[in-house]
Amino acid sequence: MYINMKKTKALLVMGERLRKRMTQDIGRLEVKMENAEIVQQVANHKFLDMIIDEDLTYEMHMDDNCKKL
C-alpha cells in the first residue's frame, strides 16, 4: 500500500479540558515515515465534506456551510 505524503495529515483530537492539563510539548505530534519525511500536523481537516477540528466543536464546519448558503 502506498501512502501519499502530500495528502496525509495528522490531527490530534482532544477537548479543552485535556488541553489545559497538558504541557505545550505534549500537544505536538511528530509522525515520521521512511526515516526522513514528516507527516504534517493540522488543527482542522476536511474529511468527507465535513471539517473536523481538534476540539470537535464543528464551528468551522458550520461557518463554512453558512458562507456557502
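Please read these numbers as outputs of a predicted model, since none were measured by experiment. Along each chain, the written sequence defines residue order, and numbers are assigned to residues from 1. Thresholds applied to this predicted model are a pLDDT of at least 70 for local features of residues and 80 or more for the giving and counting of side-chain atom pairs; totals over whole chains, interfaces and linings are not thresholded and use all residues. The basis for every side-chain value is the complete set of heavy atoms in the structure, and neither hydrogens nor water enter the calculation.

**A few points about the side chain of Asp53**
Here is step 1 of the chain: Only DSSP runs of H or I reaching four residues or more are called helices, and only runs of E reaching two or more are called strands; each is numbered from the N terminus. Its place among the elements puts Asp53 in strand S5 (residues 50-53).
Here is step 2 of the chain: Looking at Asp53, its side chain comes within polar contact range of the side chain of Thr57, at 2.7 Å.
Here is step 3 of the chain: Excluding its chain neighbours within four sequence positions, the residues that come into contact with Asp53 are Leu11, Ala43, Asn44 and Tyr58. The definition of a polar contact used here is a pair of N or O atoms within 3.5 Å, where within protein one atom must be able to donate a hydrogen and the other to accept one, and adjacent residues in sequence count solely through side-chain atom pairs. Contacts were defined at the residue level, with two residues in contact if any of their heavy atoms lie within 4.5 Å.

**A word on the side chain of His61**
Here is step 1 of the chain: The residue His61 is located in helix H2 (residues 59-68) in this model.
Here is step 2 of the chain: Here's how the labels work: a residue is buried when its accessible area is under 20% of the maximum for its type, exposed when over 50%, partly exposed in between, all with a 1.4 Å probe on protein chains only. We classify His61 as buried; its relative accessible area is 13%.

**Topic: unusual backbone geometry**
Here is step 1 of the chain: Phi angles above zero are rare outside glycine, and Leu56 is one such case at about 55°.
Here is step 2 of the chain: Tracing the sequence through the fold places Leu56 in the loop between S5 and H2.
Here is step 3 of the chain: The backbone of Tyr58 sits at a positive phi, close to 65°, despite the residue not being glycine.
Here is step 4 of the chain: Position of Tyr58 relative to the elements: it lies in the loop between S5 and H2.
Here is step 5 of the chain: For Tyr58, a relative accessible area of 33% translates into the label partly exposed.

**Concerning a nonpolar patch on the surface**
Here is step 1 of the chain: Judged by side-chain polarity, Val13, Met50, Leu56, Tyr58 and Met62 come together as a nonpolar surface patch covering roughly 430 Å² of accessible area.
Here is step 2 of the chain: Along the chain, Val13 turns up in the loop between strand S1 (9-10) and helix H1 (16-21). Note on patches: the residues involved have over 30% relative accessible area and no salt bridge, like charges join within 9 Å, and the nonpolar side chains Val, Leu, Ile, Met, Phe, Trp and Tyr join within 5 Å. Every accessible area reported is derived by Shrake-Rupley at a probe size of 1.4 Å, with residue values counting cover from the shown protein chains alone. Criterion for a salt bridge: a side-chain nitrogen of Lys or Arg within 4 Å of a carboxyl oxygen of Asp or Glu.

**A look at the confidence of the model for the protein**
Here is step 1 of the chain: For every residue, the predictor assigns a confidence score, pLDDT, that lies between 0 and 100. Residue-level pLDDT values for the protein average 81, and 86% of them are 70 or greater.
Here is step 2 of the chain: Within the protein, the element-level pLDDT minimum falls on strand S2 (residues 31-33), averaging 73, and the maximum on H2, averaging 92.

**A few points about the pairing of strand S4 (residues 44-47)**
On a regular strand, each side chain points to the face opposite its neighbour's, so the side chains alternate between the two faces of the sheet.
Here is step 1 of the chain: As paired strands, S4 and S5 are joined by 4 bridges and run antiparallel to one another. By the bridge assignment, Phe47 is partnered in S5 with Met50.
Here is step 2 of the chain: A loop of 2 residues connects S4 with S5, the two strands running antiparallel in sequence, and Leu48 in this loop sits at a positive phi of about 50°. Any two strands with at least two DSSP bridges between them are considered paired.

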